[in-house]
Amino acid sequence: MLTAFIGFVGLLAIAFLGFPLGLSMLLAGFVGVGVLRGWEPAMETVSQQIIDVALNTNFAVLPMFLLMGTFVYRAALSDDLYDCANAWFGHLKGGLALATVAACGGFSAISGSSAATAATMAKVAVPSMRRFKYADSIAAGTVAAGGTMGFLIPPSAALIVYGILTEESIADLFIAGIIPGILTIAVYMGVIAIIARIRPADCPPGERTSWAHRWRALYKVWAVMALFLLILGGISFGLFTPNEAGGIGAIGALAFAIGRRRMTWKIMFEAILEAAHTTALIFTIIIGALVLNSFVILSGLSAGMVDWIGSLSLPPITVILIILCFYVMLGTVIEGLAMIFLTVPIFVPIVEGLGFDLVWFGIVMVMVVEISLITPPIGLNVFVLKSMLPDVPLSTIFRGIMPFFAADIFRLLLVVFFPGIALFLPSVLS
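## Some remarks on the pattern of salt bridges
Part 1 of the reasoning: Following the criterion strictly, the structure yields five salt bridges and no others.
Part 2 of the reasoning: Of the charged contacts in the structure, one is a salt bridge between aspartate 202 and arginine 199, with a shortest N-O distance of 2.7 Å.
Part 3 of the reasoning: You can call arginine 199 partly exposed: its relative accessible area is 38%.
Part 4 of the reasoning: Close ionic contact of arginine 411 with glutamate 370 constitutes a salt bridge, the shortest N to O distance being 2.8 Å. Taken together, the positions of arginine 411 in helix H22 (residues 394-417) and glutamate 370 in helix H20 (residues 358-372) put the pair 41 residues apart, joining distant regions of the chain.
Part 5 of the reasoning: Assessed through its relative accessible area of 0%, arginine 411 is described here as buried.
Part 6 of the reasoning: Under the relative-accessibility criterion, glutamate 370 is labelled buried at 0%.
Part 7 of the reasoning: Sharing partners across several salt bridges, the network here consists of Arg130, Asp136 and Asp391.

Here it is as structure tokens:
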């Protein structure tokens, strides 16, 4: 275990120096295996993991959903989603913020990216909220928090990665994320309603739109909603696999963008290039994580931690709460997706040894990692917002986030203590 501890300290050290995360994990895992078993087995471990990842057809699901998300993002379909949400909610107190949360949920469902959701909604929603004299803290906080839903709502890249690392069903993970995703939207809307009641001057109602405009706005996004329902429905009822769903989603998003005349050859090339770049980045991290996982197993760290926790005689739920507190603290210094790669090899054996369902833990893990996207000082979505709104101080953004942070803790505890929130749909559809 001492070797593993030294390896993780070295990993964090070189990662904080700016070395790419995937290569940092690859180097730490390679050196660790080399020290424990010899350099020739270490070389064989690295080469075998690269070959396994390259030939594993399960990994095809990731680039396909990434491509779908980039088609949707590049085709600027977020404008239509926000217009639709604004038409239905904008006239209420805090209505533009409510519309932003609804649009973030819709865009997350078809992009699977928190950063893309936050950046896009900052351009689409914040100007409208400023025009109606919304406080900058509420406008920025709503977009930053709403953007985190891209981490949870299927098709989530985080759930795909967790499923790959733990060999859990990606279909079950997607289905399990539906109700917690809806819960997130409902809780965030509740936060906005409370703020609107306490500080009505900071989030006044927008313009009331006619019913004709509302139905026209809804008509603009029906195909996107249908695509999302087709993907999840097809996976849920076994009509096609997650891999096939990724391909269907990418082709559907492309066809929809072409039909709406939002796609050009230039935009399509940029979307494919962006998806390829992101895929290469994530695959490098996956290979590094798998090599690091080999080192963790050889070092006996996971088995040792399971034995140590068992010796403490703590109730299993207490262990889970300790792990989640660790995630919240770790999220203040490490980016969300990186936490999944770094911690899955350590914590999943512990959770499995305690008898918890790994699909449930995947949802809980992704939910707590979502929180890391808006926690200081590394909150990724906060800095995305800052880059999009350079005139808004970081302190203002964090002040706006605080009510949503409290709501995140509340909904996380709901899923922890009531696992059926996440497991009901997979149990019904299995």
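Text resumes after the structure shown.
## Some words on the packing of helix H7 (residues 114-124) against helix H21 (residues 380-388)
Part 1 of the reasoning: In contact at an axis separation of 9 Å, H7 and H21 are set at 30 degrees when each is read in the N-to-C sense. As far as their axial angle goes, H21 and H7 are roughly parallel. Crossing hand, H7 versus H21: right-handed. Touching Ser114, Ala115, Ala118, Ala119, Ala122 and Lys123 of H7 are Leu380, Asn381, Val384, Leu385 and Met388, all from H21.
Part 2 of the reasoning: Among the residues making up the contact of H7 with H21, the classes are represented as eight nonpolar, two polar and one charged.

## Brief notes about the environment of leucine 423
Part 1 of the reasoning: As for its placement among the helices and strands, leucine 423 is situated in helix H23 (residues 420-429).
Part 2 of the reasoning: For leucine 423, a relative accessible area of 23% translates into the label partly exposed.
Part 3 of the reasoning: Sequence-wise, leucine 423 and isoleucine 175 are 248 residues apart; in three dimensions their C-alpha atoms are separated by 8.6 Å.
Part 4 of the reasoning: Dropping the residues within four chain positions of it, leucine 423 is found in contact with Asp357, Val359 and Trp360.

The rules behind these values
Residues numbered from 1 in each chain as written. Predicted model: local features only at pLDDT ≥ 70, side-chain atom pairs only at ≥ 80, totals over all residues. Heavy atoms only, no water. Salt bridge = Lys/Arg side-chain N within 4 Å of Asp/Glu carboxyl O. Buried < 20%, exposed > 50% of the residue type's maximum accessible area, 1.4 Å probe, protein only. Helix = DSSP H or I, 4+ residues; strand = E, 2+ residues; numbered from the N terminus. Axes fitted to C-alpha atoms, helices over the stretch in contact; angles between N-to-C directions. Parallel < 35°, antiparallel > 145°, perpendicular 65-115°, else oblique. Left-handed = near helix turned anticlockwise from the far one by under 90°. Contact = heavy atoms within 4.5 Å. Nonpolar A, V, L, I, M, F, W, Y, C, P; charged D, E, K, R; others polar.

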